Amino acid sequence: ELVRINADRGLIAEADPDAEVEKRLKHLRSGLPYRFERPWRDGQVLEIRGNPMPGGGYVTTFTDISLYKNIESELQEVNETLEQRVEQRTRDLRNALDEVDEARQAAVAANQSKNRFLAAASHDLLQPMNAARLFVSILRQKKGSEEEQVQLVRRVDRSLTAAEELLSALLDISKFDSGTYETNLENISVEDLFRQLRRRFNPLAKNRGLQLRVRTARKQIHADRALLYRILQNFLANALRYTEEGGVLLACRQRGNAVKISVWDTGVGIGADDVEQIFQEFHRLDYAQRLEDRGLGLGLAICDRIARMLNLDISVWSQPGRGSCFSVTVPLASPGSVALPDPDEQE
């Protein structure tokens, strides 16, 4: 009757209550010991033990082992996840070691690059200073015509300007490499940016007998205005410097969630072997050595550092004799945001 009450209450989950009642009576009649764990509906777990008594009869004990089962379950879970945690810690350690190794290699490469950089910078810096000193000495001793003196003064000014530009470029590279430069990300109107660049480089293009074309778009991008302007300024300056006939095109095109800004020229072009080298400090093409205004060889190195600092992508296409295209991809501004006007464009 007692077992039947439990079966009727649904405390015995098996499908056939009569069979379960009979099974329990069989244990009692045979006097066989048994042990059983019964989960209860509220999450409690009971341990049921049955043992025959020496003088006849049968005793059954019910013990709450819920706490023990919870601990056992937690230990089992810990054991099952221990291997996974060990593998995760091993991966984390391996990643950390890889990062340390990459940092070490980057430090070694930076040190080697710095040594080469300083050696080349010393040479390039002393050259215009020595030239200026020589021109001043000649000017001081010369009693020639006024035109000759004016020519010497122009050469002195050109040498000092080259030294000033080199020192300024070295200072910029030092700031970028040290990580102390603070970027100012903002929304920029492509039309305003292109208008500013056209106004800056159109007179230079006309002086060289070249045509500067600009194809803009009503897009808003998100970047550091001054640094992005610096990249495009170097692209345009190089394009005009290495183009003898034809012209230069400044254009843009949307690529997904970004705008690709490109500077095309019809200049001398760059060989495939030189494309990877032109972003190194003081690397100049053979053609540049024949130019009077051959540049410092630092413009593209600065562009590369700015692009890495702003997480922008720079790409190059070039073919000797047909021209080159330098591009930088800039993310679009978030929808609904308004680009602030460039201060130089405000009246």
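Residues numbered from 1 in each chain as written. Predicted model: local features only at pLDDT ≥ 70, side-chain atom pairs only at ≥ 80, totals over all residues. Heavy atoms only, no water.

## A closer look at the packing of helix α5 (residues 190–207) against helix α6 (residues 225–241)
Moving on, step 1. Two numbers describe how α5 lies on α6: the axes approach to 11 Å, and their chain directions differ by 25 degrees. By the angle between their directions, the pair α5 and α6 is classed as roughly parallel. Read as a crossing pair, α5 and α6 show a hand that is right-handed. Along its contact with α5, which presents Leu193, Gln196, Leu197, Arg200, Phe201, Leu204 and Ala205, the element α6 presents Leu228, Tyr229, Leu232, Gln233, Leu236, Ala237 and Leu240. (Axes fitted to C-alpha atoms, helices over the stretch in contact; angles between N-to-C directions. Helix = DSSP H or I, 4+ residues; strand = E, 2+ residues; numbered from the N terminus. Parallel < 35°, antiparallel > 145°, perpendicular 65-115°, else oblique. Left-handed = near helix turned anticlockwise from the far one by under 90°. Contact = heavy atoms within 4.5 Å.)

## Some thoughts on the nonpolar core
As a rule of thumb, soluble globular proteins bury nonpolar side chains together.
Moving on, step 1. Membership of the largest hydrophobic core comes to 41 residues, with the highest contact counts inside it found for Leu228, Phe235, Ile261 and Val328.
Moving on, step 2. For this core, the secondary-structure elements that each account for two or more residues are α5, β5 (211–215), β6 (220–224), α6, β7 (247–255), β8 (258–265), α8 (299–310) and β10 (323–331).
Moving on, step 3. Discounting chain neighbours no more than four positions away, the residues touching valine 328 are Leu228, Ile231, Leu232, Phe235, Val259, Lys260, Ile261, Leu312, Asp313 and Ile314. (Core = buried A, V, L, I, M, F, W, Y, C linked by side-chain atoms within 4.5 Å. Buried < 20%, exposed > 50% of the residue type's maximum accessible area, 1.4 Å probe, protein only.)

## Digging into the packing of aromatic side chains
Moving on, step 1. Under the counting rule described, the total for this entry stands at three aromatic pairs.
Moving on, step 2. When the centroid spacing of 6.1 Å and the interplanar angle of 45 degrees are considered together, the rings of tryptophan 264 and tryptophan 317 count as tilted. In this pair, tryptophan 264 is assigned in strand β8 and tryptophan 317 in strand β9 (residues 313–319), connecting sequence segments 53 residues apart.
Moving on, step 3. Tryptophan 264 gets classed as partly exposed once you look at its relative accessible area, which sits at 39%.
Moving on, step 4. Exposure remark for tryptophan 317: the relative accessible area of 41% places this residue in the partly exposed category.
Moving on, step 5. Over the ring of phenylalanine 201 we find arginine 200, and its NZ or CZ is 5.2 Å from the ring centre. (Phe/Tyr/Trp six-rings, centres within 6.5 Å; stacked < 30°, edge-to-face > 60°. Lys NZ or Arg CZ within 6 Å of the ring centre and 35° of its normal.)

## Here we look at the pattern of salt bridges
Moving on, step 1. Per the stated rule, a full pass over the model turns up 13 salt bridges.
Moving on, step 2. A salt bridge links lysine 69 to glutamate 37, with the nearest nitrogen and oxygen atoms 3.1 Å apart. With a gap of 32 residues between them, lysine 69 in helix α3 (residues 66–141) and glutamate 37 in strand β1 (residues 34–39) connect regions that are remote in the sequence.
Moving on, step 3. The salt bridge partner of aspartate 304 is arginine 308, with a shortest N-O separation of 3.0 Å. Within this pair, aspartate 304 and its partner arginine 308 are both found in helix α8, separated by four residues, close to a single helical turn.
Moving on, step 4. On the basis of relative accessible area, aspartate 304 is assigned to the partly exposed category, the value being 25%.
Moving on, step 5. A relative accessible area of 57% means that arginine 308 is categorised as exposed. (Salt bridge = Lys/Arg side-chain N within 4 Å of Asp/Glu carboxyl O.)

## Concerning the confidence of the model for the protein
Moving on, step 1. When pLDDT is averaged across the protein, the result is 78; 70% of the residues are at 70 or more.
Moving on, step 2. Averaged pLDDT values over the elements of the protein bottom out at 65 in helix α4 (residues 146–178) and peak at 94 in β8. (pLDDT = per-residue confidence, 0-100.)

## With respect to the sheet that holds β9
Moving on, step 1. Taken together, the five strands give an open sheet; going across it, the order is β5-β7-β8-β10-β9, and neighbouring strands pair in mixed fashion. The sheet terminates laterally at β5 and β9, the two strands that pair on one side only. Between one strand axis and the next, the sheet turns by 15 degrees as a mean value, whatever way the strands run.
Moving on, step 2. In this sheet, β10 lies alongside β9 in antiparallel orientation, the contact comprising seven bridges. Paired with tryptophan 317 across the two strands is cysteine 325, which belongs to β10.
Moving on, step 3. Sitting on the sheet, α6 is in contact with β5, β7, β8, β9 and β10, with an inclination near 170 degrees to β10. (Pairing = 2+ DSSP bridges.)

## Examining the pairing of strand β4 (residues 185–189)
Each regular strand carries side chains that alternate between the two faces of the sheet.
Moving on, step 1. Here β4 lies mainly inside the structure; four of its five residues are buried.
Moving on, step 2. Note that β4 and β6 share five bridges and pair antiparallel. Within β6, the residue paired with glutamate 186 across the bridge is alanine 223.

## What about the layout of surface pockets?
Any empty space left between atoms is shown by rolling a water-sized probe over those atoms.
Moving on, step 1. In this model, the second largest pocket occupies a volume close to 690 Å³.
Moving on, step 2. Val3, Arg24, Tyr34, Ile48 and Phe62 are the residues nearest the centre of the second largest pocket, which is lined by 25 residues in total.
Moving on, step 3. Going through the elements one at a time, α1 (2–8), α2 (17–30), β1, β2 (45–52) and β3 (58–64) are the ones with two or more residues in the lining of the second largest pocket.
Moving on, step 4. Of the residues forming the lining of the second largest pocket, the biggest block, seven residues, is contributed by α2.
Moving on, step 5. Residues of the lining of the second largest pocket, tallied by class, amount to 14 nonpolar, three polar and eight charged. (1 Å grid on protein atoms, 1.4 Å probe; cavity = no way out; pocket = protein on both sides within 12 Å on 5 of 7 lines; lining within 4 Å. Points joined across faces, edges and corners; volume = space filled by probe spheres on them. Nonpolar A, V, L, I, M, F, W, Y, C, P; charged D, E, K, R; others polar.)

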